[in-house]
Amino acid sequence: MKKALLGIMFLTACQITFADQGSFESVLGGSAINLYSIDIENGKATAGQLTGTTTITQSSGELFIIGEHSTFDCALLLQKTTSLTNLIGYCTMADIATGDQLFMNNNRSVGDTDAGSGGTGVSEIVGGTGKYTGVKGSCTYTVTYLPGSRVAAINKCKWSK
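Residue numbers here run from 1 along each chain, matching the order of that chain's written sequence. At least 70 in pLDDT is required for a residue's local features to be given in this predicted model, at least 80 for side-chain atom pairs to be given and counted, and no such filter applies to totals for whole chains, interfaces and linings, which use all residues. Think of the side-chain values as coming from all heavy atoms in the structure, minus any hydrogens and water.

### Considerations on the pattern of salt bridges
Then comes step 1: What makes a salt bridge here is a side-chain nitrogen of Lys or Arg within 4 Å of a carboxyl oxygen of Asp or Glu, nothing more. This model, assessed by the stated rule, comprises 3 salt bridges.
Then comes step 2: The partner of Lys44 in a salt bridge is Asp39, with the nearest N and O atoms 2.6 Å apart.
Then comes step 3: Partly exposed residues are those whose accessible area sits between 20% and 50% of the maximum for their type, while under 20% is buried and over 50% is exposed, using a 1.4 Å probe and protein chains only. Residue Asp39 is classed as exposed on the basis of its relative accessible area, which comes to 61%.
Then comes step 4: Its salt-bridge partner being Glu68, residue Lys131 comes within 2.9 Å of it at the nearest N-O pair. Highlighted residues: Lys131 in the loop between strand 6 (118-128) and strand 7 (136-146) and Glu68 in the loop between strand 2 (43-60) and strand 3 (69-81), separated in sequence by 63 residues.
Then comes step 5: Lys131 sits in the partly exposed class, given a relative accessible area of 22%.
Then comes step 6: One continuous salt-bridge network, built from bridges that share partners, spans Glu68, Asp95 and Lys131. Numbered from the N terminus, helices here are DSSP runs of H or I no shorter than four residues, and strands are runs of E no shorter than two.

### Some thoughts on the pairing of strand 5 (residues 101-108)
Then comes step 1: Burial along strand 5 is one-sided: Leu102, Met104, Asn106 and Arg108 are buried, while Gln101, Phe103, Asn105 and Asn107, pointing the other way, are not.
Then comes step 2: As paired elements, strand 4 (residues 85-95) and strand 5 share 8 bridges and run antiparallel to each other. Each bridged residue has a counterpart across the sheet, and for Ile88 the counterpart in strand 5 is Asn107.
Then comes step 3: In short, DSSP must find at least two bridges between two strands for them to pair. Between strand 4 and strand 5, which pair antiparallel and follow one another directly, the connecting turn spans 5 residues, one of which, Gly99, has a positive phi of 80°.
Then comes step 4: Pairing of strand 5 with strand 6 involves 6 bridges; the strand directions are antiparallel. The partner of Met104 across the bridge, within strand 6, is Ile125.

### A short note on the layout of surface pockets
Then comes step 1: Roughly 680 Å³ of volume is contained in the largest pocket.
Then comes step 2: Cavities and pockets were defined on a 1 Å grid built over protein atoms only: a cavity is a set of grid points that admits a 1.4 Å probe from which the probe cannot escape, a pocket is an open set flanked by protein on both sides within 12 Å along at least five of seven lines, and lining residues are those with an atom within 4 Å of any such point. Every residue lining the largest pocket is counted, 35 residues in all, and those nearest its centre are Leu50, Leu76, Leu87, Tyr145 and Val151.
Then comes step 3: Counting only elements with at least two residues in the lining of the largest pocket, the list comes to strand 1 (21-40), strand 2, strand 3, strand 4, strand 5, strand 7 and strand 8 (150-160).
Then comes step 4: When its residues are assigned to classes, the lining of the largest pocket shows 21 nonpolar, 10 polar and 4 charged. Grid points are joined across faces, edges and corners, and a volume is the space filled by probe spheres set on the points. Ten residue types, Ala, Val, Leu, Ile, Met, Phe, Trp, Tyr, Cys and Pro, are classed as nonpolar, four, Asp, Glu, Lys and Arg, as charged, and the remainder, Gly among them, as polar.

### Quick look at the environment of Glu25
Then comes step 1: Tracing the chain through its elements places Glu25 in strand 1.
Then comes step 2: The exposure class assigned to Glu25 is partly exposed, which follows from its relative accessible area of 21%.
Then comes step 3: When the C-alpha positions of Glu25 and Thr55 are compared, they lie 8.5 Å apart, and in sequence the two are 30 residues distant.
Then comes step 4: Two residues qualify as a contact provided that any one of their heavy atoms is within 4.5 Å of a heavy atom in the partner residue. With sequence-adjacent residues up to four places away left out, Glu25 is seen in contact with Thr55, Ile56, Thr57, Gln58, Asn155 and Lys156.

### Brief notes about the state of the cysteines
Then comes step 1: Note that a disulfide, as used here, is simply two cysteine sulfur atoms within 2.5 Å. One pass over the structure, following the stated rule, counts 2 disulfides.
Then comes step 2: Covalent S-S linkage joins Cys74 and Cys91, the inter-sulfur distance amounting to 2.0 Å. Its torsion about the S-S bond being 110°, the disulfide of Cys74 and Cys91 is classed as right-handed. Of the two residues, Cys74 sits in strand 3 while Cys91 sits in strand 4, which places them 17 residues apart along the sequence.
Then comes step 3: One disulfide in the model links Cys139 with Cys157; its S-S distance is 2.1 Å. Handedness here is read from the sign of the S-S torsion; for Cys139 and Cys157, about 110°, the answer is right-handed. Placement of the pair is Cys139 in strand 7 and Cys157 in strand 8, with a sequence separation of 18 residues. Assigned by exposure class, Cys139 and Cys157 land together as buried.
Then comes step 4: Bonded cysteines in the protein are paired 1-2, 3-4 when counted in the order they occur along the chain.

What follows is the structure in structure tokens.
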């Protein structure tokens, strides 16, 4: 009897632990605005904003719902020289239905930023507000740069809370 009770308690604890983690995929479309560039040794440094929308396309767990839309804004810094591309972004996603915010830090040093190019990178989920309070995780993303300072991306993320 004791073994059965311990087994049930263990399974219940596992379910509680695993209920607060999952994965999701999303598609993103946005535009780079307010760009400011300066010449640096062997290249340019650019700062600006990326703004747009994202939609959840796949999900496990209850935190991210398939079909859910969010807006996003990112503060960007791009260093592009003859020998490297380094893109850093600090982003806030806001759930359209609730206004809850998810905070992400992005870093990419592979690929290019010219129209018709792109690359892969990593985003770290570092927290949030409301339903996203305490969320941590990481995403891999693939971005494609489009004409007119527009971007499209696919994100594949794992999270825990």
